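One-letter residues, chain by chain:
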Amino acid sequence: MSEPEDTKLEARLAEQESFEPPESFVEEANVSDPDIYDEFEENWPECWERAAELLTWEEEYDEVLVDDDEPFYEWFTNGKLNASANCLDRHLDDRGDELAIQWEGELGETREYTYEELHREVNEFAAALSELGVEEDDIVTMYMPMIPELPIAMLACARIGAPHSVVFAGFSADALATRMKSADSEYLVTCDGYYRRGDGLDHMTKANEGLADVTHDTTTVVVDRLGDELEHELTENQHDYDDLVADQAGASLEPVVRDAEDMLFLMYTSGTTGQPKGVKHTTGGYLSYVSWTSHAVLDVKPADTYWCSADIGWITGHSYIVYGPLALGTTTVMYEGTPDYPDKDRMWEIVENYGVDQLYTAPTAIRAFMKWGSRYPEQHDLSSLRLLGTVGEPINPKAWKWYYKHIGGEECPIVDTWWQTETGGMMITTLPAIGEMKPGSAGPPLPGISANVVDEAGEEVAPGEAGYVTVDRPWPGMLRTLYRNDERFVSEYWEAYSDSDADEWVYFPEDGAKIDEDGYITILGRVDDVINVSGHRLGTMEIESAVVGVEGVAEAAAVGGDHEMKGEAVYVYVILEDGYEEGAEMEAAIVEGVEESIGPIARPEEVIFTPELPKTRSGKIMRRLLEDIANGDELGNTSTLRNPDVVKDIAKKL
Ligand code: 6R9
């Protein structure tokens, strides 16, 4: 394309505020009838049978929804099923020879698993876990990077009815120990190491440090990812994955029949207090919901090659790398490494090599691609792409349009999907073949989802005004509780907007938003003490307690400040004890303290030493002001402060 034309196109794109779904896409889409919104509405909650029908049930359920004990809802009651049978066994006849997992390592090696092969390995590892003593309902922790053994271990657990709890491999030893202790998990599946930017990274030392902090007895399985590059002595309670699986060669294990409401997995996530929350997801509701949304939103078909570039250590990977795509019998791509290794076209090389149909990624990645420039995707044939998706944080219109033009070639719809660990699957997004897309706005709630934007009092706000997202009807993929903490489940998510006397239960996701005349919702970000760094949820309290754990630190406040690439970055304000000196050394100790206790993703962007923190008269730290300072914004009203001068002093330092 010639220069001037290109510029004209850019100008048109920059102004365009809405986009129709591409014709070619609509014709072939799984869901394309706009009546679906009304159908779900008129037939609620029975409409959710549409989701349940995507699964194979051992025994039919009695009722779609039981709401006798709100907000402890039950879905598809007395239905029986097994998640691994739904993701594997039922595909064997028709799709046994088709690829289930297409894995690519960072160094370029590949591993392919057909449904037949994946079924075999899952059976063998499930038999091995049973042999080690894992029983139904035992919680098995996984601390693994993006290697095939991670989904294999998850499905093996599902097969024997043992819920898994996956801890992101980038998290620290402390985080692993906290989660294992909180869940009383006696089993761990981990690996010796993995590759990052070409280097073999030791993971086992971190796992061992975590295990050393777990007070109860544990049994560990270790996957050998790095071969001879890294040798670790295994203790008596640690077993080599390959040996265990070899011992079970050819084993076949009947999938355990699980109740719809039996736990499928736990996923720990950050919240307002320092203690991570163990979000509990169940077998029937969760699996139906992620299958339905994979079908309706990601438009996944069995013959597709589908790629979600998230990490399985987060909910996005659970729902949309493992469970949703495999339940639908498609080929799911897994990539071990970073998007710029060995070069910045790695993602596009993968799309071209495997003929990827759908790409689901995060705004933070799109911002990086945009910064690297369109010459990288231009080196590759991306014409296999049919749909694009984003998740994890708000996407600004500029990044959306770049993605639309340079990756989708203006022929792929984009689904900007808002959801959370707690919601299990997508909640607010356009359906890709229905209605227009508006860059920057996620879209309307999905059919059957009743989400609103309300003010402090719970009244719906006028179009254009800022408010809070609420959801006033349950949905199958919702969390059932916080593990062993029903009380916190109610207080965190339901107390703010429910009227329990009137039996009105409203879920509060703790996100701010705006809504327009067409009912499209634009998410503004978290309104609690959670910082969203590159789409990863971090609790300010967790960071603060890590900082205060550093010798010499008296008090700390962590806030999120705007960041061009990461969306938000961590800023910590620190008060030192007498006798300790501000400076590079102290700063390094604080950064190290945070990395050690949470992980490198929580690494502070800046450490700001201050003799005081701005506090209200009742002694609460004014985080808003600290955020404004971090952002270089004009400071709002400081008159309610106990110590108004302090903010000026801090601002001067930055
Ligand atoms: C799936 C996932 C949840 C928080 C959520 C919100 C933010 C997710 C978004 C989005 C704007 C989107 N978020 N998707 N914000 N637009 N499309 O990310 O789960 O890690 O639990 O984070 O992420 O703030 O509350 P989780």
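The rules behind these values
Residues numbered from 1 in each chain as written. Predicted model: local features only at pLDDT ≥ 70, side-chain atom pairs only at ≥ 80, totals over all residues. Heavy atoms only, no water. Pairing = 2+ DSSP bridges. Helix = DSSP H or I, 4+ residues; strand = E, 2+ residues; numbered from the N terminus. Right-handed = clockwise from strand over helix to strand, strands pointing away. Salt bridge = Lys/Arg side-chain N within 4 Å of Asp/Glu carboxyl O. Buried < 20%, exposed > 50% of the residue type's maximum accessible area, 1.4 Å probe, protein only. Axes fitted to C-alpha atoms, helices over the stretch in contact; angles between N-to-C directions. Parallel < 35°, antiparallel > 145°, perpendicular 65-115°, else oblique. Contact = heavy atoms within 4.5 Å. Nonpolar A, V, L, I, M, F, W, Y, C, P; charged D, E, K, R; others polar. Domains from an automatic or database assignment. Buried area = accessible area lost by both parts, 1.4 Å probe. Near = heavy atom within 4 Å. Polar contact = N/O pair within 3.5 Å; in protein donor to acceptor, adjacent residues only side chain to side chain. Areas by Shrake-Rupley, 256 points an atom, 1.4 Å probe, with all protein chains shown as cover. pLDDT = per-residue confidence, 0-100.

## Quick notes on the pairing of strand β30 (residues 606-609)
In terms of strand pairing, strand β29 (residues 567-576) meets β30 through four bridges, oriented parallel. Of the residues in β30, the one forming a bridge with Val-574 is Phe-609. Since β29 and β30 lie parallel, the crossover through helix α20 (residues 584-597) that links them has a hand, and here it is right-handed.

## Quick notes on the pattern of salt bridges
As enumerated under the stated definition, the model contains 37 salt bridges in all. Among the ionic pairs, Asp-529 bridges to Arg-623, the shortest N-O distance being 3.7 Å. Placement of Asp-529 in the loop between β25 (521-526) and β26 (530-533) and of Arg-623 in helix α21 (residues 623-631) is noted, with a sequence separation of 94 residues between them. Looking at Asp-529, the relative accessible area reads 24%, which means it is partly exposed. Residues joined by salt bridges that share partners form a network here, namely Lys-277, Glu-422, Arg-488, Glu-492 and Arg-537.

## Side note on the sheet that holds β25
Each strand in a sheet pairs with another by means of backbone hydrogen bonds, the pair being arranged parallel or else antiparallel. Sheet architecture is open: four strands sit in the order β21-β22-β24-β25, paired in antiparallel fashion. Taken across any chain shown, the strands that pair with only one partner, and hence form the sheet edges, are β21 (451-454) and β25. In this sheet, neighbouring strand axes are inclined to one another by 40° on average, regardless of whether the strands run parallel or antiparallel.

## Comments concerning the packing of helix α15 (residues 363-372) against helix α17 (residues 397-407)
Here α15 crosses α17 at 70°, and the two axes come no closer than 10 Å. Comparing their axes, α17 and α15 come out roughly perpendicular. Contact residues: α15 offers Ile-366, Arg-367, Phe-369 and Met-370, while α17 offers Lys-398, Ala-399, Trp-402 and Tyr-403. Split into classes, the residues belonging to the contact of α15 with α17 amount to six nonpolar, no polar and two charged.

## Details of α15
With respect to burial, α15 is a largely interior element, eight of its ten residues being buried. Among all positions of α15, only Pro-363, Thr-364, Ala-365, Ile-366, Arg-367, Ala-368, Phe-369 and Trp-372 are buried. Against α14 (346-354), β18 (358-361), α16 (375-378), β19 (387-391), α17 and β29 lie the buried residues of α15. At the C-terminal side of α15, Gly-373 shows a positive phi close to 105°.

## Topic: the domain arrangement of the protein chain
The domain architecture assigned to the protein chain consists of domain 1 (63-70 + 73-414) and domain 2 (530-653). The C-alpha centroid of domain 2 is placed 33 Å from the C-alpha centroid of domain 1. Each side of the interface is counted separately: domain 1 has 20 residues, and domain 2 has 21 residues. Together domain 1 and domain 2 conceal approximately 1600 Å² of surface at their shared face, both sides included; 51% is due to carbon and sulfur atoms. Counting the surface domain 1 buries against domain 2, the share from its top three residues, Ser-270, Trp-314 and Arg-367, is 29%. Inspection of the region where domain 1 meets domain 2 yields zero salt bridges. Broken down by secondary-structure element, the contributors of at least two residues to the side of domain 1 that touches domain 2 are α9 (173-182) and α15. Take the side of domain 1 that touches domain 2: its biggest share by element is four residues, from α15. Residues that form the side of domain 1 that touches domain 2 fall into these classes: five nonpolar, ten polar and five charged.

## Some details on unusual backbone geometry
Cis geometry marks the peptide bond from Trp-44 to Pro-45; its omega dihedral reads 0°. Its place among the elements puts Pro-45 in the loop between α3 (36-42) and α4 (49-52). Here the phi dihedral of Ser-534 falls at roughly 50°; this positive angle occurs in a residue that is not glycine. Inspection of the secondary structure puts Ser-534 in the loop between β26 and β27 (536-539).

## Details of the site of the ligand
Residues in close proximity to the ligand total 17 residues, the closest being Asp-416, Thr-417, Thr-421, Arg-526 and Arg-537. Within the backbone of Thr-417, one N or O atom sits 2.8 Å away from a nitrogen atom of the ligand. Measuring from an oxygen atom of the ligand, one finds a side-chain N or O atom of Arg-526 at 2.8 Å. Computed on the free molecule, the ligand has an accessible area of 530 Å², of which 97% lies beneath the protein chains in the complex. When residues of the shell around the ligand are traced back to their parent elements, those giving at least two are α13 (315-327), β20 (414-417) and β25.

## Observations regarding the environment of Asn-123
Take Asn-123: it is sitting in helix α7 (residues 115-132). Asn-123 sits in the buried class, given a relative accessible area of 1%. Separated by 474 residues in sequence, Asn-123 and Ser-597 place their C-alpha atoms 36 Å apart. If we ignore the near neighbours within four places in the chain, the residues touching Asn-123 are Arg-159, Ala-251, Ser-252 and Leu-253.

## Some remarks on the pairing of β20
Every regular strand shows the same layout, with side chains that alternate between the two sheet faces. Because side chains alternate across β20, one face comprises the buried residues Ile-414 and Asp-416, and the other comprises Val-415 and Thr-417, equally buried. Pairing analysis gives four bridges linking β19 to β20, with the strands arranged parallel. Among the inter-strand pairings, Leu-388 is bridged to a residue of β20, identified as Ile-414. Taken together, β19, α17 and β20 form a β-α-β motif whose crossover is right-handed.

## Observations regarding the environment of Glu-10
Tracing the backbone shows Glu-10 in helix α1 (residues 3-15). Under the relative-accessibility criterion, Glu-10 is labelled partly exposed at 35%. Residues Glu-10 and Trp-402, spaced 392 residues apart in sequence, show a C-alpha to C-alpha distance of 9.4 Å. Dropping the residues within four chain positions of it, Glu-10 is found in contact with Lys-405 and His-406.

## Here we look at the confidence of the model for the protein chain
Parts of the model with low pLDDT should not have their predicted coordinates read in detail. When pLDDT is averaged across the protein chain, the result is 94; 98% of the residues are at 70 or more. Predicted complex, confidence summary: ipTM 1.00, pTM 0.93.

## Quick word on the side chain of Arg-225
Following the sequence through the fold, Arg-225 ends up in the loop between β11 (219-223) and β12 (238-240). Here the side chain of Arg-225 touches Glu-336 through a polar contact of 2.8 Å, side chain to side chain. Excluding its chain neighbours within four sequence positions, the residues that come into contact with Arg-225 are Trp-103, Gly-105, Glu-109, Ile-147, Asp-192, Gly-193, Tyr-194, Tyr-195 and Glu-336.

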